[in-house]
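Take a look at the letters that make up each chain.
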Amino acid sequence: IVADANGHVLCPECNVKILLGNGGVNNFRKQHLGSKKCRTQKAKHMDEAARATQTGLQAKLTSFFHPAPTPTPVPSQATPPSLIMSTVAAACHDTAGAAEDAALSATACTPATAMSSNLAPITYGGGRGGASQERTAMSVLKRLKDAIKDLPSSIPSATDTDQLARFAELSLKSYVVDSEARKALDLKLTRFMGIGATAKDVALLVRRGSMGMDALHDYIKDFVLEYEMDAELLEGKVNILVEAMRIASQREEHNAIQETQHKESNGPPIPAGPVLRVPDALAPSNESHQHATPEARPQLCAGYSPTLPTGCSPHSSYPFGLHDKWSLPWDYETHHGALVLRVHACTRIVASGRCTACKALATSTLLKGILWRIEHGVKESSAYLYHGIGGLIKLLKHKTDLIDNFRLCRLNDARKLVGLEGVLDTQKKVLLAVSSQSIPRIDRVLRVGFNRGASMQSILLMVQKAADGVYRPKGFDERDNLLASLFLRYGGARLANMTARVFGTPAASTICKRTNIPILAPSPSMPTLSEVTQNIRAALEAIVDILAGPSEGPCHAVLMWDELAIEQRPRVETDSTNNLLGFCRECTKDTSLEFSSMEDLDVVFDELEHGEVHLASEATVGAIGLLSADSRLYSARPILASGSCKRESARDHVTLLQTTINAVNSQKALTRARIVSLASDGEARRGKALVHLTFKSLLSPTSSIYLSLSTLSLMDLHVGDDDITADKDYKHVVFKRLRNVLLREKGSLVLGVWITPALLRRHLLDSGHTLAHVQSVLNPADKQDVELAYRLERDIWSLKSLAEDASKDAAYAQTRDALCAFGSLCYHLVFPYICVDLSLSEQLGHLSSTAHLAMALYTFEDAKSRFLPNALYIDIMIMIKNVFFCVAKAKVDMPERPFYLILLGTDRLESLFGILRTMVGNDANLDMLQLALRVTGTTEVANILAKHPEWDRAPRRLHLPTLTRDAQAVHGADHISPRAWRGSVVPQDVTLATCWKRGRRFIEDKFPFTTEQLRTIDETPGASILAPFGTLMVKPLLTGESSDTSVLALMDDNIEEPEVPVTLADSTVESDLMGEGLRTLEDAASQAEWGETSATSKGASFSNQIDVNGKGEIISKARALAQRFKYKTTSSSTDRLRRVQQEPRYMNGGSASIGPLAHLQEGPRISVTDPVASLVRCDGHVFLCLGEINNIKFNSQAVEEVLVSVLHEKAVQISYQVISLIPATDADDPSKKCDWRSSRLLPITLTVPGALIHPINPLMGMREAPGGASTFFILDSPTLVALASTLHDRVMYTHARVVPSIKPSNDFPYHEPAGKACFVAEGRHDVHESMSLCCPQCLPEFRFDASNAQRILEHVGSHILHDSSVDRTIEPCGLCLQSWGGCQIFLKKTKGQNRNLGILREWSTCANFVKFSYAVAAKSTASSPCSNVPLICPLCPSNSPAVWRYNIQAHFARVHPSVPAGTYEDLWRLDDNELHEMDRVWKARAKQVEPRKKKQDVCNLVISEAHSSRNAAQCVWWTASSGESRLTCI
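What this report covers is the structure whose coordinates are included nearby. Please read these numbers as outputs of a predicted model, since none were measured by experiment.

Notes on the overall build of the chain
So, point 1. Within the chain, the regular secondary structure consists of 50 helices and 37 strands.
So, point 2. Buried residues in the chain amount to 47% of all 1530 residues.
So, point 3. If you take every contact in the chain between residues at least 6 apart in sequence, the share linking residues at least 24 apart comes to 73%.
So, point 4. Accessible surface, the chain: about 75,500 Å² in total, of which carbon and sulfur atoms supply 53%.

Here it is in structure tokens:
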């Protein structure tokens, strides 16, 4: 579609000229094509064409009764005239040839003459139809086909945007009557060529190729062969098409000639020859051509050169950017400083001057506007595209001057403010301190105020003086009251009063009188039944009338528990219990927390100092959540708050949970609630307690839900009392923990492929995601970001399969298939919770697909925990099981009430925690008393926000998108709540068995491998979703069982972070004086808040004052407690938020990681997914191993690539997955030069130093497969043998001992068809000898058993203690006896809950380093007496290397001589048993104990000598008589 000079285009559908306007061609396609106006015009033209065709047919019928005219003979063929011929070429022709050329040139003057000269005679039979007519019509098509073949290659090929392309898409339809077919064909051709179109018009549409004229010919041919076509119907249009192709061919030839002449314009003159004659079809229809002489030489169109104002250059004045915004119908160029414009429809060849289209630019309104702006200037408010380069430079200079002017003004203002100095009064100090949000500053002002004797009221009065307001009484509606309640709960009374003055909402006192929020009674120790029962009554008091409504049947409820970090600070509650709060429930069973005298306080703090009791570091909050769509009911309501120090056993936690359950069941008359599930997050201790409560027995056949659930194949039917089940929070399981699995360094094993973060990053980048996006979703810094987790899982399930893409190798495609399977698991697990259009049946179907796919992947090649951590797999299945059980209970108890899946789990309790943190502020911490005061107010806030969700916006890190069925975001939706759900979720419309089977069938159809996996599980006795191998993966607590270990421990869910040396935290003893002012204010504020809130509560109230010294000095109990607690030694952070997180006061930032500097150096690199070669020990031998890189680490930091030149550095570590090699066939390599090919990735991932890696660049092979072409690597034996030899020679002393070991299998070592193991790495030097460790002191040589590190420590430690030849002043290493300067050991904190010490191998430099358990080696026992381990010197800098225990005394003497010897004597003092046993070890040091060989250590492999690296120099290829290439050894 090309626009003319005035911006008009000819519509290909309706043949009407349309003005493009500023929108260009795209706007024309969107607004006009297919519009009502276009369709009307198109129908009108079709009717006219049909009428013309009908008239022609009638004329043919009437002509039958008249005598046929004698046809005039027409030549069958004609040769196109030669347009230009040089003198030399003309001399080569004879006289007859020259005459013929002249004659043909004369006949080419008019299109009619040329057309008649090319038409073949057509003879018609006596009647319609028959072979004669078919042959005649086919002869017309033959002429059309011949003309298509003669098209020059310079004519462009058709694309899908050309009009001819429509014929390639059209299919032949069936017509009952032949006349209908003729009419349809005539309409199609008329629509393409246009009514009244000439050959010159059609020549512009001619295109080559299968989508061009060939498609048109084939379409007409199908009609001729299928129906009885009249040659007369085809003759006219075929003649026009043939003539159009001739005109197009001549036009292309002339263009090529003129371009050649233009290029040679500076060369020698063209010899005289025949004069160029331009056919009329190509000649421009302008006046200059009409008056041109026949001998005038055609020229190129000069274009239109607009006149620019004086001093204006086209380079700086013309707005080139407008061509990007608008579809301007011309192009621009410059010649010798002048601007030249050419329209898109320029004919290029004219007799002289310019063509008519280019001349028309002088009248173009668009061009006139551009020239007017060049002459008169562009407004500053106009878009930048309207400016030329010169105009943009002027704007930039102007804005630069303005910025400089503003900077000077700001500098002058700053200089004026320097002199404003003075002393602030107390009121301004308080105001500035509060507005600055600086905790130390606020604390200092408050402390000074209290030290001067100011009361709390006077302090607050000074702050309130900063704001003066006017009270305006008015009547308030419900909206005003709810808003005021939000202000009061979120910001306190002060904010509520401020908004009352500014916005006219009710004041804080008014809201307090109208609402009565009960206080949650916190439990000072282990919660009792009476305490929880009291809290239940208080929490449900406001909704008792709603619960007692006319609805029939019980209301289902979920009990949920979660922990909230609190500040370790004791508080006192004097309203109802007179007890101390803030101590852990685990350790206060035998301790009285009553605060009646100072002696009670002293006893408690003495026990605290001796470690008998502990301060609570977190609070366990229990809540009840009703499964109801009523916004007044479904918010979680806290009923329990108890402090914990994280030392509670699972059995004690069962007592806590059972107490809560009993309390709720005891209030059924009030609540009418039936507990259907017990919900928690992924916390391991509670997970084991929930198993004990919900896996008591199998579901009874007499249960009302048995019939619905017993038909679900592989469903686990274990339940607790009243058929209760456990549940897990879907945001923790589905998003956070599933994302953390993907971010693990070792990755996840899916279908035999290790999916590591590096591999995932590579595939996401290859699929089109930006680097910034990929780095964002794979950032392990924030493991709690739900939105990041969703985006990562969405990106994975959006990856496309590579089944039909043969450009990728087999390993890459295998990895993509594994990612697609994992993405499908994520999709079916996530979609039921975020798609508001799904019905309850569809939600259950998705969860069924998740369960069956997870089982198949978990059991595939015994992946087990390598696919998903056992704890995560268990939690996913428990969550899915609970959904089906809850729906089954709803079908029985409340079948017509909607069931909302999103109300399960602990998400509602997490929402209350978010509101609570917002109440507290940015310094998000509180103690037990503050928690009790404010947590119940969160329920009121949650109810208000549920009624008015438009007032709130969910936190970004917890926000989930609301999607429709086609995965489109719901406009304006910010919360996923029952009110937002649009699908049908009525339980009575659901059949559980159908949903369960439909989900399995969907997975089996999409992933065929799951059919066999699930069939195997079906045949396993006792198998279920929680017992895929027949054994239940969870175990209830048994009597006498140790509860310190949990089968649900989330060890594998941790993300490995960069390891840095461990440092010693500040242990100086000092008083925590910072924060005294703030704490005093908090005590007074909370005391006042507690008193106001509990003024209407029943029961006796205790005195809040106490005599501190027995002499009548009376102070508040809160003040006495604060003074007593401030003398407790502490080294925690003074930042309150960091103190809650138990961080030390002085944090060490650690050293920055140094990257591989790949961006600063040039050279070959290896990156993730590259193939490499390495060495592996297997069954006593070292073999060559090929693998695909899935992770690269440099200085413990994951990187994308690394230079090959730095592979030998210790900082480089490579992880790769082993590639299987199998013998190649002739189909794999037709050249028969390569006898090995890659097969697949094995489920084996190895991590080795970079020095053991050798990059390879193998050949690629391709083979057709049922699912598409498959690619693979092909290699030859000599190359592999040479690789094994090269790697063997590079193995040094330190590298040989880090060669990894794997067990032999059917896939490795690589073996030939006869079964012999291939590519063993052998040579002159024995690798096994270099792998062994020897004592550097013993003679004769004493070899160590590297597998028993404790014996090495004992032997070397005996040298340090008893060998007189060892100088202890040099601090010899406990492994190699080198001095402290030549061997250094660094320590790190290990993973896990205890965070024990371990060796940081990457930073340590010991040559004899062996891996050992630090915790075991540090303790001296009878079987392992040596306790010589590296220790951290308490006086050395934090980044210093560790010192061995046997050398610590010498270290103090050398480095810290001024320190008294007895101060740190405990570090090096050894007990008598250790000294005695070490003396025994010294005396028996020469006894060499040979390690016992295990049965599996016996070598059973048969080695192929022809493929051994010892024969690397002797391996040659020879060709057998049969033509087969073979390997042999000389």
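Let us keep going from here.
Concerning empty space enclosed by the protein
So, point 1. Evaluated as defined, the whole model comprises 6 cavities of 30 Å³ or more.
So, point 2. Put simply, the second largest cavity is a space of about 80 Å³.
So, point 3. Forming the walls of the second largest cavity are Glu-13, Asn-15, Lys-42, His-45, Met-46, Ala-49, Leu-187, Thr-190, Arg-191 and Ile-195.
So, point 4. When residues of the lining of the second largest cavity are traced back to their parent elements, those giving at least two are helix H2 (36-63) and helix H8 (178-193).
So, point 5. The dominant element in the lining of the second largest cavity, judged by the number of residues it contributes, is H2, at 4 residues.

Some details on the nonpolar core
So, point 1. The biggest cluster of nonpolar side chains holds 215 residues, and the ones touching the most others in it are Leu-709, Phe-884 and Leu-931.
So, point 2. The contact partners of Leu-709, leaving out residues within four places of it in the chain, are Leu-699, Leu-717, Phe-884, Phe-885, Ala-888 and Leu-992.
So, point 3. Among the nonpolar cores identified, the runner-up in size contains 38 residues, and Phe-167, Ala-203, Met-229 and Ala-248 belong to it.

Describing the sheet that holds strand E11 (residues 637-644)
So, point 1. What the 5 strands build is an open sheet, ordered E11-E10-E7-E12-E15; its pairing is mixed. A strand with exactly one partner marks an edge of an open sheet, and here the two such strands are E11 and strand E15 (725-728). The average undirected angle you get between the axes of adjacent strands in this sheet is 30°.
So, point 2. In this structure, strand E7 (residues 555-565) lies alongside strand E12 (residues 673-680), joined through 6 bridges in parallel fashion. By the bridge assignment for E12, Met-560 is matched with Ala-679.
So, point 3. Strands E7, E12 and E15 of the sheet are contacted by helix H36 (residues 870-893), whose axis makes an angle of about 125° with E15.

Quick word on the pattern of salt bridges
So, point 1. For the structure shown, the criterion picks out 35 salt bridges.
So, point 2. We note a salt bridge from Glu-333 to Arg-342, for which the minimum N-O separation is 3.5 Å.
So, point 3. Two residues, Asp-1018 and Arg-1000, come together in a salt bridge whose shortest N-O distance is 2.7 Å. Of this pair, Asp-1018 sits in helix H40 (residues 1009-1019) while Arg-1000 is found in helix H39 (residues 992-1006), placing the two residues 18 residues apart along the sequence.

Quick word on the packing of aromatic side chains
So, point 1. Scanning the entire structure with this criterion turns up 19 aromatic pairs.
So, point 2. Centroid distance Trp-797 to Tyr-827: 5.4 Å. Interplanar angle 75°. Geometry classified as edge-to-face. With a gap of 30 residues between them, Trp-797 in helix H33 (residues 786-797) and Tyr-827 in helix H34 (residues 810-834) connect regions that are remote in the sequence.
So, point 3. Assessed through its relative accessible area of 21%, Trp-797 is described here as partly exposed.
So, point 4. Ring plane angle 35° and centroid distance 5.4 Å describe the contact between Phe-1452 and Tyr-1464, whose orientation is recorded as tilted. Here Phe-1452 is found in helix H49 (residues 1448-1455), whereas its partner Tyr-1464 is found in the loop between H49 and helix H50 (1472-1483), with 12 residues between them in sequence.
So, point 5. An aromatic cluster is defined as three or more aromatic residues linked by ring pairs; in this entry it consists of Tyr-790, Trp-797, Tyr-827 and Phe-831.
So, point 6. In this structure, Lys-881 packs its charged tip against the face of Phe-695, placed 4.3 Å from the ring centre.
So, point 7. For Lys-881, the ring lying beneath its charged end belongs to Phe-885, and the centroid distance is 5.5 Å.

Focus: a nonpolar patch on the surface
So, point 1. On the surface, Tyr-384, Ile-389, Leu-392 and Ile-393 cluster together to form a nonpolar patch covering roughly 370 Å² of accessible area.
So, point 2. Ile-389 gets classed as partly exposed once you look at its relative accessible area, which sits at 45%.

Digging into helix H10 (residues 213-226)
So, point 1. Along its 14 residues, H10 runs 20 Å from first to last C-alpha, staying within 8% of the 20 Å computed at 1.5 Å per residue.
So, point 2. Among all positions of H10, only Met-213, Ala-215, Leu-216, His-217, Tyr-219, Ile-220, Phe-223 and Val-224 are buried.

Topic: the pairing of strand E4 (residues 330-335)
So, point 1. When E4 meets strand E5 (residues 338-343), the two strands line up antiparallel, connected through 6 bridges. Counterpart to Tyr-332 in the pairing with E5 is Leu-341.
So, point 2. Linking E4 back to E5 in an antiparallel pair, the connection comprises 2 residues, with His-336 at a positive phi of about 55°.

Details of helix H16 (residues 365-376)
So, point 1. For H16, with 12 residues, the first-to-last C-alpha span of 16 Å sits near the 16 Å given by 1.5 Å per residue.
So, point 2. Among the residues of H16, those classed as buried are Leu-367, Ile-370 and Ile-374. The buried residues of H16 occupy one face: seen down the axis, they fall within an arc of 60°. With respect to the buried face of H16, the exposed residues turned more than 90 degrees away are Thr-365, Trp-372 and Glu-375.

Description of unusual backbone geometry
Glycine aside, negative phi is the norm for most residues, and most peptide bonds take the trans geometry.
So, point 1. The linkage connecting Phe-1308 with the following residue, Pro-1309, adopts the cis geometry, with an omega of 0°.
So, point 2. Among the structural elements, Pro-1309 can be located in the loop between helix H45 (1293-1296) and helix H46 (1327-1331).
So, point 3. You will see that Lys-646, though not glycine, has its phi angle at about 70°, which is positive.
So, point 4. Its location among the elements puts Lys-646 in the loop between E11 and helix H26 (650-666).

Quick word on the environment of Ala-165
So, point 1. Along the polypeptide, Ala-165 turns up in helix H7 (residues 165-169).
So, point 2. Here Ala-165 falls in the buried class, since its relative accessible area comes to 1%.
So, point 3. For the pair Ala-165 and Arg-207, spaced 42 residues apart in sequence, the C-alpha separation works out to 9.5 Å.
So, point 4. Once residues lying within four places of it in the same chain are set aside, the contact partners of Ala-165 are Thr-159, Asp-160 and Met-211.

Focus on the side chain of Asn-535
So, point 1. Mapped onto the elements, Asn-535 comes out in helix H23 (residues 529-540).
So, point 2. Of the residues examined, Asn-535 reaches a relative accessible area of 4% and is grouped as buried.
So, point 3. From its side chain, Asn-535 meets the backbone oxygen of Ile-639 in a polar contact 3.2 Å long.
So, point 4. Beyond its immediate stretch of four places on either side in the chain, Asn-535 contacts Ile-519, Leu-520, Ala-521, Ile-639 and Leu-640.

Rules and cut-offs
- Residues numbered from 1 in each chain as written.
- Predicted model: local features only at pLDDT ≥ 70, side-chain atom pairs only at ≥ 80, totals over all residues.
- Heavy atoms only, no water.
- Helix = DSSP H or I, 4+ residues; strand = E, 2+ residues; numbered from the N terminus.
- Buried < 20%, exposed > 50% of the residue type's maximum accessible area, 1.4 Å probe, protein only.
- Contact = heavy atoms within 4.5 Å.
- Areas by Shrake-Rupley, 256 points an atom, 1.4 Å probe, with all protein chains shown as cover.
- 1 Å grid on protein atoms, 1.4 Å probe; cavity = no way out; pocket = protein on both sides within 12 Å on 5 of 7 lines; lining within 4 Å.
- Points joined across faces, edges and corners; volume = space filled by probe spheres on them.
- Core = buried A, V, L, I, M, F, W, Y, C linked by side-chain atoms within 4.5 Å.
- Pairing = 2+ DSSP bridges.
- Axes fitted to C-alpha atoms, helices over the stretch in contact; angles between N-to-C directions.
- Salt bridge = Lys/Arg side-chain N within 4 Å of Asp/Glu carboxyl O.
- Phe/Tyr/Trp six-rings, centres within 6.5 Å; stacked < 30°, edge-to-face > 60°.
- Lys NZ or Arg CZ within 6 Å of the ring centre and 35° of its normal.
- Patch = residues over 30% accessible without salt bridge, like charges linked within 9 Å, V, L, I, M, F, W, Y side chains within 5 Å.
- Expected span 1.5 Å × (residues − 1).
- Arc of directions from axis to C-beta.
- Polar contact = N/O pair within 3.5 Å; in protein donor to acceptor, adjacent residues only side chain to side chain.

Don't take any of this as a statement about function, it's just geometry.
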